[in-house]
Amino acid sequence: GFKGLTTASQAVLAGIYDSNHDIDQRILDVIAQWQMPVEVKELGHLKMEMSVDSYVRYWKKAREDTSCYPSALSFASMKAGAFDQQIASLACMLTRIPLVAGFAPSRWKRCLDVMILKKSGVTDLSSLWTIVLFPVDCNYAFKHVGREMMKVAERTKSLAPEQYGSRKRHKAIDLAVNKALTFDILRQMKRTGAICSNDAKSCYDLIGHTQASLSMQRVGVPKSIINCLFTTLQDAMHQVRTGFGDSKESYGGSAWLVPNHGIGQGNGAGPAIWAVVSTPLLNVLREKGYGFEGVCPISSTYLQFVGYAFVDDTDVIQSLLLDN
């Protein structure tokens, strides 16, 4: 299934699946990593409810000139509504209902593709960065899902320790220092090692919905939220903004036999989704014994890691293993 909500998907999360011999072993290794951790199971059914207080706090801090899909609702109107308790409560409830009920409002199924420059003056199509503008309340709902998902993932230690992106109290500079220290150890110990610096191309646009759904459910995201999120993305009609204005024609939508995958640059849940999607891949490498092994000289703490990941920028390292 394209939403990861079928019986087969639930069997994968439970760790029950048919290891068909026709399936590549490397794929089976990833499937095994989608089993829901015991710590997440023990939390029971998670609601990930949206409170009015958190809703008001967010919109009062929001910048009213932030872009979104052009409609009657904008960041300015949402911010203004947050200063009235009655309006804020009603708006919060209307935003929360699709997540709880598990459906995608028709108004949310509209988005606008905007191409922006990566480098000043370079207008080649291959050098442009396409972001997707979602309706303002829709993207707030996505951000809420991403925040709540990361809270559970951090509490249950369900994220790969190599992944620093989108996580609180994790900084890119720490990864740079760790990489320099790793090279120092390799030189001092005269150990062989190699590193592959990889930047995933268009990472958010190439995320498969089934894989994303399983990765999100693995850390406890309810099925209703999964159905709301991916129905919105798969049924969305995309308009395109150019120098001549916004196109009247659109592409995508439920008419396509195979839905348009990817979660869209600008999706509020995007960074969190990438964190949970990349975790099974990093876990596979570590469990297979790849990466770097070391022992701290003072504390004698044993270390094993497979690289340094900050969102899609991932340096994968391999060195000779320590002698037993």
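**What about the environment of Lys47?**
Along the chain, the position of Lys47 falls in the loop between helix H3 (38–42) and helix H4 (52–61). It is 9.5 Å that separates the C-alpha atoms of Lys47 and Ser224, two residues lying 177 residues apart in sequence. Excluding residues that lie within four positions of it along the chain, Lys47 makes contacts with Pro222 and Ile225.

**Considering the environment of Thr232**
Looking at where Thr232 falls in the secondary structure, it is placed in helix H10 (residues 223–235). Taking the relative accessible area as the measure of exposure, Thr232 reaches 0% and is therefore buried. Expressed as a C-alpha distance, the spacing of Thr232 and Gly264, which sit 32 residues apart in the sequence, is 12 Å. The residues contacting Thr232, other than those within four sequence positions of it, are Ala104, Trp108, Lys109, Cys138 and Phe142. Among the polar contacts made by the side chain of Thr232, one reaches the main-chain carbonyl oxygen of Cys228 at a distance of 2.7 Å.

**Thoughts on the environment of Ala309**
Inspection of the secondary structure puts Ala309 in strand E9 (residues 307–310). We classify Ala309 as buried; its relative accessible area is 1%. It is 30 Å that separates the C-alpha atoms of Ala309 and His45, two residues lying 264 residues apart in sequence. Filtering out sequence-adjacent residues up to four positions away, Ala309 remains in contact with Glu162, Gln163, Tyr164, Gly165, Leu175, Leu282 and Thr314.

**As for the sheet that holds strand E3 (residues 193–199)**
The three strands lie next to each other as E3-E10-E9, forming an open sheet whose pairing is antiparallel. A strand with exactly one partner marks an edge of an open sheet, and here the two such strands are E3 and E9. The average undirected angle you get between the axes of adjacent strands in this sheet is 10°. Bridge analysis of E9 against strand E10 (residues 313–319) gives four bridges, and the strand direction is antiparallel. Each bridged residue has a counterpart across the sheet, and for Phe310 the counterpart in E10 is Asp313. Running at roughly 170° to E9, helix H8 (residues 172–188) makes contact with E3, E9 and E10 of the sheet.

**A short note on the packing of helix H2 (residues 25–33) against helix H11 (residues 270–287)**
One way to put it is that H2 packs onto H11 with a least axis distance of 9 Å and a crossing angle of 115°. When the interaxial angle is binned, H2 and H11 end up roughly perpendicular. You can see that H2 and H11 cross each other, and the crossing is right-handed. Counting all contacts with H2, which are made through Asp29, Val30 and Gln33, the residues of H11 involved are Pro280, Leu281, Asn283, Val284 and Glu287. Residues that form the contact of H2 with H11 fall into these classes: four nonpolar, two polar and two charged.

**As for the pairing of strand E1 (residues 110–117)**
Bridge count for E1 against strand E4 (residues 237–242) is five bridges, and the pairing is parallel. Counterpart to Arg110 in the pairing with E4 is Met237. Pairing analysis gives six bridges linking E1 to strand E2 (residues 128–133), with the strands arranged antiparallel. Paired with Met115 across the two strands is Thr130, which belongs to E2.

**What about the packing of aromatic side chains?**
Centre distance and the angle of the planes are the two values used to describe a pair of aromatic rings. For the structure on display, the rule yields 10 aromatic pairs. Relative to Trp256, the ring of Tyr251 has its centre 6.2 Å away and its plane inclined at 35°; by these criteria the two rings are tilted. A residue is classified by how much of its surface remains accessible, and Tyr251, at 30% relative accessible area, is partly exposed. By relative accessible area, Trp256 is classed as partly exposed at 40%.

**Overview of the side chain of Gln163**
In this fold, Gln163 is placed in the loop between helix H7 (136–155) and H8. For Gln163, the side chain forms a polar contact with the main-chain nitrogen of Gly165, separated by 2.9 Å. Setting aside residues up to four positions removed in sequence, Gln163 forms contacts with Trp274, Ala275, Ser278, Leu282, Ala309, Phe310 and Val311.

**Side note on helix H6 (residues 85–101)**
Every α-helix winds through 3.6 residues per turn, so residues three or four apart in the chain are directed the same way. Between its first and last C-alpha, H6 extends 24 Å over 17 residues, near the 24 Å set by a 1.5 Å rise per residue. All of the buried residues along H6 are Ala88, Cys92, Thr95, Pro98 and Leu99. The inward-facing, buried residues of H6 abut H4, helix H5 (75–81), H7 and H10. If you check the start of H6, you find a side-chain oxygen 3.1 Å away from the backbone N of Gln86, and it comes from Asp84. Looking one or two residues past H6, Gly102 carries a phi angle of roughly 80°, positive in sign.

Rules used throughout
Residues numbered from 1 in each chain as written. Predicted model: local features only at pLDDT ≥ 70, side-chain atom pairs only at ≥ 80, totals over all residues. Heavy atoms only, no water. Helix = DSSP H or I, 4+ residues; strand = E, 2+ residues; numbered from the N terminus. Contact = heavy atoms within 4.5 Å. Buried < 20%, exposed > 50% of the residue type's maximum accessible area, 1.4 Å probe, protein only. Polar contact = N/O pair within 3.5 Å; in protein donor to acceptor, adjacent residues only side chain to side chain. Pairing = 2+ DSSP bridges. Axes fitted to C-alpha atoms, helices over the stretch in contact; angles between N-to-C directions. Parallel < 35°, antiparallel > 145°, perpendicular 65-115°, else oblique. Left-handed = near helix turned anticlockwise from the far one by under 90°. Nonpolar A, V, L, I, M, F, W, Y, C, P; charged D, E, K, R; others polar. Phe/Tyr/Trp six-rings, centres within 6.5 Å; stacked < 30°, edge-to-face > 60°. Expected span 1.5 Å × (residues − 1).

From the geometry alone we can't say anything about function, so treat these as descriptive.
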